[in-house]
Amino acid sequence: ASGGMATVHFGRLVSAGGVSRTVGIKRLHAHLARDPEFVKMFLDEARIAARIRHPNVVPVLDVVNTEGEIFLVMEYVAGESLALLARAVRDRGERIPFPVAAALVVGVLRGLHAAHEATDERGQPLCIVHRDVSPQNVLVGRDGDAHLLDFGVAKAEGQLQTTREGRIKGKVGYMPPEQARGGEVTRAVDIYAAGVVLWELSTGERLFAGDNDAIVLERVLFGEIAAPSSKGAPAELDEVVMRALGKAPESRFSTAREMARAIEAAIDVASGAEVTEWLETQAGALLEE
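Residues numbered from 1 in each chain as written. Predicted model: local features only at pLDDT ≥ 70, side-chain atom pairs only at ≥ 80, totals over all residues. Heavy atoms only, no water.

Once that is clear, we can look at the environment of Gly 183. Counting through the fold element by element, Gly 183 comes out in the loop between helix H6 (177-180) and helix H7 (187-203). Residue Gly 183 is classed as partly exposed on the basis of its relative accessible area of 35%. Separated by 70 residues in sequence, Gly 183 and His 113 place their C-alpha atoms 22 Å apart. (Helix = DSSP H or I, 4+ residues; strand = E, 2+ residues; numbered from the N terminus. Buried < 20%, exposed > 50% of the residue type's maximum accessible area, 1.4 Å probe, protein only.)

Taking 1.5 Å as the rise per residue, helix H11 (residues 272-288) with 17 residues should run 24 Å; its terminal C-alpha atoms sit only 19 Å apart, a clear shortfall. Along its length, H11 shows its largest kink, about 75 degrees, at Gln 282. Every buried residue of H11 is accounted for by Val 275, Thr 276, Trp 278, Leu 279, Ala 283, Gly 284 and Leu 287. Those residues of H11 that are buried are in contact with strand E5 (79-81), helix H3 (82-91), helix H4 (98-116) and strand E6 (138-141). (Expected span 1.5 Å × (residues − 1). Bend = angle between axes of the 7 residues up to and from the residue. Contact = heavy atoms within 4.5 Å.)

Across the sheet, which stays open at both edges, the 3 strands sit in the order E5-E6-E7 with antiparallel pairing between neighbours. Edge strands, defined here as strands with exactly one partner in the open sheet, are E5 and strand E7 (146-148). The sheet shows a mean angle of 30 degrees between the axes of neighbouring strands, taken without regard to direction. With 3 bridges connecting them, E5 and E6 associate as antiparallel partners. Within the sheet, the bridge partner assigned to Gly 79 lies in E6 and is Gly 141. Docked against the sheet, H4 engages E6 and E7, running at close to 35 degrees with respect to E7. Across the sheet, H11 is in contact with E5 and E6; its angle to E5 comes to roughly 85 degrees. (Pairing = 2+ DSSP bridges. Axes fitted to C-alpha atoms, helices over the stretch in contact; angles between N-to-C directions.)

The next subject is the sheet that holds strand E2 (residues 20-28). Strand order in this open sheet of 4 strands is E1-E2-E4-E3, and the pairing throughout is antiparallel. Looking at the sheet topology across the chains shown, the edges are occupied by strand E1 (6-14) and strand E3 (60-66). Sheet twist, expressed as the mean angle between neighbouring strand axes with direction ignored, is 25 degrees. Each of E2, E3 and strand E4 (69-75) is contacted by helix H2 (residues 36-49), which is oriented at about 155 degrees to E3, the strand it contacts most.

We now examine unusual backbone geometry. Phi is positive for Cys 127, close to 55 degrees, though the residue is something other than glycine. When you line up the elements, Cys 127 lands in the loop between H4 and E6. Accessibility expressed as a relative area gives 53% for Cys 127, which makes it exposed. Of note in the backbone geometry, Arg 131 takes a positive phi value of approximately 75 degrees without being a glycine. Along the chain, Arg 131 falls in the loop between H4 and E6. Using a relative accessible area of 18% as the deciding quantity, one classes Arg 131 as buried.

Throughout the structure, instances matching the rule amount to 15 salt bridges. Between Arg 110 and Glu 264 there is a salt bridge whose closest N-O contact spans 2.5 Å. In this pair, Arg 110 sits in helix H4 while Glu 264 sits in helix H10 (residues 256-266), placing the two residues 154 residues apart along the sequence. With relative accessibility at 34%, the residue Glu 264 sits in the partly exposed group. A salt bridge links Glu 178 to Arg 252, with the nearest nitrogen and oxygen atoms 2.8 Å apart. Residue Glu 178 is located in helix H6, and its partner Arg 252 is located in the loop between helix H9 (238-244) and H10; the two are separated by 74 residues in the primary sequence. Taken as a pair, Glu 178 and Arg 252 share a single burial class, namely buried. One salt-bridge network, held together by shared partners, links Arg 142, Glu 280 and Glu 288. (Salt bridge = Lys/Arg side-chain N within 4 Å of Asp/Glu carboxyl O.)

This is the structure in structure tokens:
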């Protein structure tokens, strides 16, 4: 697959002893690989991302910068994008089962907490913030868990864009007001985005929809957010979702772990086996291919 920043390949990582494993290789486009400023940011942030060790985060195994090429070697996750799964379910007029949706968001939050608490080799906080939590950056694996992608990469991309164009990079529909206004970015940004994902998965609708980013941005900044139960979601989720979506950062959960525990206390969360079974019913043929 190919996007604005890189092309992603299947790869084979072979050790000196002949032991091999399947990996994903994210290969930076050639014109970006020639940009010294971008390459420096990309490498720095990739190394930071490699400090995160958690089952809900796709790990960076290696960073290669050689002969004008730069690419990340990442663990391969057998699964499907949460964005594609959610869209397919929505197009059929259905919803993701509430326990499955809750389990996926809990997994995302656990991965986020590991990132937010990550430290360097000397134990100093790295203060990692994903800044682009969305269904597009979540893989639902055959192991029955959610796996977060693109830690650090999205942040590096955002820094470059802000420096050169004065823009804040990210998906507008998942930004909290302070990020959309160019304010301070803290872990509260990721907690808000996880709240948007939970609202959308539990209601089967987009929270901030619009024909263009300007309309979406206006709704993010000034729109009223309906409780999920008004859209048919379990009322037990209302308090959790509305707190995560608080306009002020300090009104949200203080940590991603706290939000995950609140979800688990509010609703029965599907087991890994149940998530796997649901995934197989949605994308079994594609996964086999």
